[in-house]
Amino acid sequence: SSLYGSNAMGGVINIITKKGYGKPKISLLSEGGSFYTSREVLEINGQRDKLHFSFGGSRLDSEGFSKAKEKNNNPEKDAYQNTSVSLRLDYDLAPSLTLGVINRYSHSRSEYDDYDYANDRPTDDADRVGWNDEGSSSFLLEQQISDFYKHKLQLSFTRNYRNGKDDTDEYERDWYDGRTYQLDWQSELELSNFDKVITGINYLKEKADTYYYHNLWGESDFPKSTSNIKGFFIENKLNLFDNLYFNAVYRIDDHANFKGYDTYKFELSYLIDRTATRIKGLFGAGFKSPSLYQLFAPPMYGLPV
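If you're wondering where the values come from, they're calculated on a predicted model, not measured in any experiment. What you see as residue numbers is a count from 1 along each chain, following the sequence as written. Where totals are concerned, whole chains, interfaces and linings use all residues; where local detail is concerned, this predicted model gives features only for residues with pLDDT of at least 70, and gives and counts side-chain atom pairs only at 80 or more. In computing side-chain properties, one takes all heavy atoms of the structure into account and sets aside hydrogens as well as water.

What's the story with the overall build of the protein in this structure? I'm lost.
Helix and strand assignments follow DSSP, with helices taken as H or I runs no shorter than four residues and strands as E runs no shorter than two, numbered in order from the N terminus. Check the secondary structure of the protein and you find one helix and 15 strands. The dimensions of the protein, computed from C-alpha atoms along their principal axes, are 70 × 50 × 45 Å. Categorising residues by exposure relies on relative accessible area from a 1.4 Å probe, with only protein chains included: less than 20% of the type maximum marks a residue as buried, more than 50% marks it as exposed, and the intermediate range marks it as partly exposed. The buried share of the protein, reckoned over its 305 residues, is 32%. Residue burial considers only the protein chains on display, and all accessible areas are found by Shrake-Rupley using a 1.4 Å probe. If you sum the accessible surface of the protein, you get close to 18700 Å²; carbon and sulfur atoms cover 57% of it. Residues scored as positive are Lys and Arg, those scored as negative are Asp and Glu, and His as well as the terminal groups of each chain are ignored. A charged residue contributes its charge at one atom only: NZ of Lys, CZ of Arg, CG of Asp or CD of Glu. Distance between charge centroids for the protein: 6 Å, based on 37 positive and 45 negative side chains.

Sorry, what's going on with the environment of Asp 113 here?
Position of Asp 113 relative to the elements: it lies in the loop between β5 (97–111) and β6 (114–116). Sequence separation of Asp 113 and Lys 77 is 36 residues, and the distance between their C-alpha atoms is 9.2 Å.

Looking at this structure, I do not really get the side chain of His 52. What am I missing?
Within the secondary structure, His 52 is located in strand β3 (residues 51–62). On the accessibility criterion, His 52 (3% relative accessible area) is buried. Here a polar contact is taken to be a pair of N or O atoms separated by no more than 3.5 Å, where protein atoms must pair a possible hydrogen donor with a possible acceptor and residues adjacent in sequence count only if both atoms sit in side chains. A polar contact is formed between the side chain of His 52 and the backbone oxygen of Gly 20, at a distance of 2.7 Å. In what follows, residue pairs with any heavy atoms lying within 4.5 Å of each other are defined as contacts. In this structure, His 52 is in contact with Lys 19, Gly 20, Tyr 21, Gly 46, Gln 47, Arg 88, Leu 89, Asp 90 and Asp 92, ignoring residues within four places of it in sequence.

Geometric descriptors of this kind do not, in isolation, establish any biological role.
In structure tokens form, the structure reads like this:
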């Protein structure tokens, strides 16, 4: 939470699309596994003068397996498919100034089980299907002002559209449409060869619209919702004597619906050169405000595989 804010209290998966360098090249990958699973990947990246480019595409198919046990007369498998593409473009406006664009899109289809409440166990449902579309775009400006100071500015947009149905639309259907708009600024100042200070400011605005219908349970049409959160953090990284490391972070968050909260983190590690052993210790605080997805998204019953 101290570095990335409320949504990162449990950790962060940091996905960085490769930046293209050198002569253009193409790579292909094909994999296969159990449950009739296959994956194909295409990557193209390289550089032409001041333009760096990187493209990636993948396809995943799996017959899957069912949470409902076959011995209870549940022969159906729960298949899964996913198609993903990514594109990154970077242009060197000057030797110390780069403008970048990053785009990602993913479309997936999942088959789900139902639940037999009378016998308290999962059961097959041949018509329960869910689709998920996720897309994101980022515009990035990076500048190296001097040998000891650099900063970057990033504007990001994401959209998550999920919908599902059971049998026909007349029986059960739901959808969720969520969007985020985020602005981040981060600077890095090297006070010395062993001391670095990083500061950051970010603003996140979230919008959501959700709907659920069941022919027995009725209709839930939540009104469109919005929220926003502003944050500031400062981090100090110390590397003493080449084997003693200390890191301290302090962050302030101000949420429109859940007020503000301060978080912090202290890390200490020591490297024993003789045995290449590192001893680490960490103490920190976390802050988690529920997202609009967690508050209003309709449930998708069953477990996709």
